Amino acid sequence: MATQTPADQQFHQGLGLALLVGALLFGQFLQKPVHIDDANFLQLATGAAQDFRRPHLIPINWNGTTVPAFDVLSNPPGIAWWLVPVLKCPIWVQHLWMLIWLLPTAWGARELGRYFCHDDGVRAVWVLLTCPVVVLSAQSLLPDLPLLACTVAGLGGFVSKKGPKELWAFVAGSAYLFRYSGGLIIPVLLVMAWRQSRWRGVIRCWPAVVPMLALMAND
């Protein structure tokens with residue numbers, strides 16, 4: 001069995017503490033009731049359960065008027081698709097289901113920390129797990145946390161040496177499935193690819209547009 005160096009021990013201790021703080025920070029919201037826009041996206045998930053390809057056709061009551069969700073929810077259906085498996089589950093299960101997205105987010109932050117800060121990446125995980133916008137996103141049933149996860153994990157994986165870059169480009173591009181603004185990650189990805197290996201890196205970014213094109217074809 002390999003002996004851990006002091007640096008390895010320090011890394012594992014820091015990472016373990018960060019995960020413990022994250023569990024305490026986010027765990028207190030597991031019983032948080034459906035809140036504001038959560039209800040809209042749960043209704044959209046109900047539409048996805050009825051017709052996976054066209055969840056926006058389900059009626060939704062908006063300001064006292066019942067209209068198709070398409071008229072009021074200008075969001076891609078990614079979050080609706082994600083919530084379908086836990087649609088009939090207790091609220092704490094739904095929140096746990098959303099917290100899964102914190103794992104790729106933390107991993108991506110670690111890889112970005114290693115790349116830009118030239119350290120073990122633990123500080124980047126700390127910053128991310130305690131960031132107010134992440135804490136707010138993680139306690140809701142909204143597209144924000146999946147958007148963040150796809151963005152950070154995709155970019156982190158792309159700059160790391162783990163797995164093919166095409167895979168991570170696809171992950172980053174999948175942010176578009178949760179918010180249309182997720183498409184803005186593609187030019188960021190192209191800039192990072194250019195910095196790494198010029199045109200060779202840019203060409204390897206082509207899978208980033210696949211989720212966008214697939215959603216357009218479905219629509």
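**As for the overall build of the protein chain**
On a plain count of helices and strands, the protein chain comes out with eleven helices and two strands. Overall, the protein chain shows an N-to-C arrangement of helices and strands of α-α-β-β-α-α-α-α-α-α-α-α-α. In summary, the protein chain has a C-alpha radius of gyration of 19 Å against a globular reference of 17 Å for 219 residues, a match within 12%. Principal-axis analysis of the C-alpha atoms places the extent of the protein chain at approximately 60 × 45 × 30 Å. Every one of the 219 residues in the protein chain was classed for burial, and the buried ones make up 46%. Once local pairs closer than 6 in sequence are excluded, the contacts in the protein chain between residues at least 24 apart make up 65%. On the protein chain, roughly 11,800 Å² of surface is accessible, and the fraction owed to carbon and sulfur atoms is 68%.

**Let's talk about the packing of helix α5 (residues 102–117) against helix α6 (residues 122–129)**
Describing two packed helices takes the angle between their axes plus the distance from one axis to the other. Between α5 and α6, whose axes approach to 7 Å, the crossing angle comes to 135°. In terms of their interaxial angle, α5 and α6 are classed as oblique. Read as a crossing pair, α5 and α6 show a hand that is right-handed. Between α5, through T105, A106, A109, R110, G113 and C117, and α6, the contact on the second element is made entirely by R123, A124, V125 and L128. The residue makeup of the contact of α5 with α6, split by class, is six nonpolar, two polar and two charged.

**Structural notes on the nonpolar core**
Most often, soluble globular proteins have nonpolar side chains that are buried together. Of all hydrophobic cores here, the largest spans 59 residues; its most connected members are F26, L83, W101, L102, F158, F178 and L189. A per-element tally of this core places helix α8 (residues 144–159) first, with nine residues. Here F178 is in contact with P76, G78, I79, W101, P143, P146, L147 and C150, once residues within four sequence places are set aside.

**Focus: a nonpolar patch on the surface**
Taken together, F170, W206, V209, V210, L213 and M216 make up a surface patch of nonpolar side chains, about 560 Å² in accessible area. Here the nonpolar patch gets three residues from one element, more than from any other, and that element is helix α11 (residues 210–218).

**A closer look at the packing of α5 against α8**
Orientation of α5 relative to α8, taken along the N-to-C sense of each, is 35°, at an axis distance of 7 Å. Where α5 crosses over α8, the handedness of that crossing is left-handed. Across the interface between the two elements, L102, P104, T105, W107, G108, A109, E111, L112 and Y115 from α5 touch L145, L148, A149, V152, A153, L155, G156, G157 and V159 from α8. Among the residues making up the contact of α5 with α8, the classes are represented as 13 nonpolar, four polar and one charged.

About the thresholds
Residues numbered from 1 in each chain as written. Predicted model: local features only at pLDDT ≥ 70, side-chain atom pairs only at ≥ 80, totals over all residues. Heavy atoms only, no water. Helix = DSSP H or I, 4+ residues; strand = E, 2+ residues; numbered from the N terminus. Rg over C-alpha atoms; globule rule 2.2 N^0.38 Å. Buried < 20%, exposed > 50% of the residue type's maximum accessible area, 1.4 Å probe, protein only. Contact = heavy atoms within 4.5 Å. Areas by Shrake-Rupley, 256 points an atom, 1.4 Å probe, with all protein chains shown as cover. Axes fitted to C-alpha atoms, helices over the stretch in contact; angles between N-to-C directions. Parallel < 35°, antiparallel > 145°, perpendicular 65-115°, else oblique. Left-handed = near helix turned anticlockwise from the far one by under 90°. Nonpolar A, V, L, I, M, F, W, Y, C, P; charged D, E, K, R; others polar. Core = buried A, V, L, I, M, F, W, Y, C linked by side-chain atoms within 4.5 Å. Patch = residues over 30% accessible without salt bridge, like charges linked within 9 Å, V, L, I, M, F, W, Y side chains within 5 Å. Salt bridge = Lys/Arg side-chain N within 4 Å of Asp/Glu carboxyl O.

Such coordinate-based values are descriptive only and should not be taken to indicate function.
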